[in-house]
Amino acid sequence: MSAPVATSCAGLADLVGVPLAHSDWVEVDQARIDAFAHATLDDQWIHVDAERAASGPFGTTIAHGYLTLSLVSRFLFEAFAVDDAESAVNYGLDRVRFIAPVPSGSRIRGQVTVAEADARGGGYQVKSSVVVECDRTEGPVAVAEVLTRFVVR
C-alpha cells in the first residue's frame, strides 16, 4: 500500500469522489475471531467452533460482521491523513451491509472513497464510503458509510 493521502481539513473537499488506494491486507485468522468473540461476549458457534462450523453453511468458521466493521477504522487511517486536525472522532455510520461471510484464515482490505466533506462546528465532518474485499470471495464482503468528525487545531 502507498502512504495515506495527506491533506488539510480544507483540502478534504478535493478528495470527494476520488477512490483512494486500497489498504493493506489484514489477516482474519481464528485467533483474531476468538479474541473478538471473547471481547464482545459473542461466542456463537459459527464463529468459534471449528468442528461444528465445518458442517455448517459455510464449511468453516467465519468472522463476526462487527469484527469486519471494526477494521474499517484502520482502512480509513491508511487511506488519508488530515494534517491540521487535532483529533478525529468516529461520529457513526449512515449505512452498513454485510454482503458475504469472511471465512477464517482469509484476508480483507478496504477501498475508501470520500463521499462528502463539510465544515461543521469548528471542524469538518467527512462521510467515507468503504468497500471491504476478501481474498477468498468474489465481490465485496461489506460496505459502510462512515462518518468522521475532524477537530481543527
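Note that the coordinates shown come from a computational prediction; the quantities given were computed from them, not determined experimentally. (Residues numbered from 1 in each chain as written. Predicted model: local features only at pLDDT ≥ 70, side-chain atom pairs only at ≥ 80, totals over all residues. Heavy atoms only, no water.)

**Q** It is not clear to me how the sheet that holds strand β7 (residues 140-152) should be interpreted in this structure. Could you clarify?
**A** Across a sheet, paired strands are connected by hydrogen bonds in the backbone, their directions being either parallel or antiparallel. Taken in spatial order, the five strands make up an open sheet running β2-β5-β6-β7-β4, and their pairing is antiparallel. The sheet is open, and its two borders are formed by β2 (26-28) and β4 (85-98), each paired with just one other strand. The average angle at which neighbouring strand axes cross in this sheet is 30 degrees, direction not considered. Direction of pairing for β4 relative to β7: antiparallel, over a ladder of eleven bridges. (Pairing = 2+ DSSP bridges. Helix = DSSP H or I, 4+ residues; strand = E, 2+ residues; numbered from the N terminus. Axes fitted to C-alpha atoms, helices over the stretch in contact; angles between N-to-C directions.)

**Q** Any chance you could explain the side chain of threonine 61 here in plain terms?
**A** On the secondary structure map, threonine 61 appears in the loop between α3 (50-54) and α4 (65-70). Here threonine 61 falls in the buried class, since its relative accessible area comes to 2%. Ignoring anything within four residues of it in the chain, the contact list for threonine 61 reads Gln30, Trp45, Ile46, His47, Val48, Asp49, Ala50, Ala53, Val102, Pro103 and Ser104. (Buried < 20%, exposed > 50% of the residue type's maximum accessible area, 1.4 Å probe, protein only. Contact = heavy atoms within 4.5 Å.)

**Q** What's the story with the packing of aromatic side chains in this structure? I'm lost.
**A** Describing an aromatic ring pair means giving the distance of the ring centres and the angle of the ring planes. Using the criterion set out here, one finds two aromatic pairs in the structure. When the ring of tyrosine 66 is compared with that of phenylalanine 98, the centres are 5.8 Å apart and the planes differ by 85 degrees; the resulting orientation is edge-to-face. Here the residue tyrosine 66 occupies a position in helix α4, and phenylalanine 98 occupies one in strand β4, the gap between them amounting to 32 residues. Taking the relative accessible area as the measure of exposure, tyrosine 66 reaches 58% and is therefore exposed. On the numbers, 6.1 Å between centres and 55 degrees between planes, the contact of phenylalanine 80 with phenylalanine 150 is tilted. Here phenylalanine 80 is found in strand β3 (residues 80-82), whereas its partner phenylalanine 150 is found in strand β7, with 70 residues between them in sequence. Assigned by exposure class, phenylalanine 80 and phenylalanine 150 land together as buried. Above the face of the tyrosine 91 ring, arginine 149 is positioned so that its terminal group lies 3.9 Å from the ring centre. (Phe/Tyr/Trp six-rings, centres within 6.5 Å; stacked < 30°, edge-to-face > 60°. Lys NZ or Arg CZ within 6 Å of the ring centre and 35° of its normal.)

**Q** Would you take a moment to explain the pattern of salt bridges for this structure?
**A** Any two side chains of opposite charge can pair if their charged atoms end up close together. Tallied over the full model, the rule gives six salt bridges. The salt bridge partner of lysine 127 is aspartate 94, with a shortest N-O separation of 2.9 Å. You can see lysine 127 sitting in strand β6 (residues 123-134) and its partner aspartate 94 sitting in strand β4, a full 33 residues away along the chain. You can call aspartate 94 partly exposed: its relative accessible area is 44%. The shortest N-O distance in the salt bridge between lysine 127 and glutamate 116 comes to 3.6 Å. Taken together, the positions of lysine 127 in strand β6 and glutamate 116 in strand β5 (residues 106-120) put the pair eleven residues apart, joining distant regions of the chain. Note on lysine 127: relative accessible area 14%, which makes it buried. Through salt bridges with shared partners, one network takes in Asp94, Glu116, Lys127 and Glu145. (Salt bridge = Lys/Arg side-chain N within 4 Å of Asp/Glu carboxyl O.)

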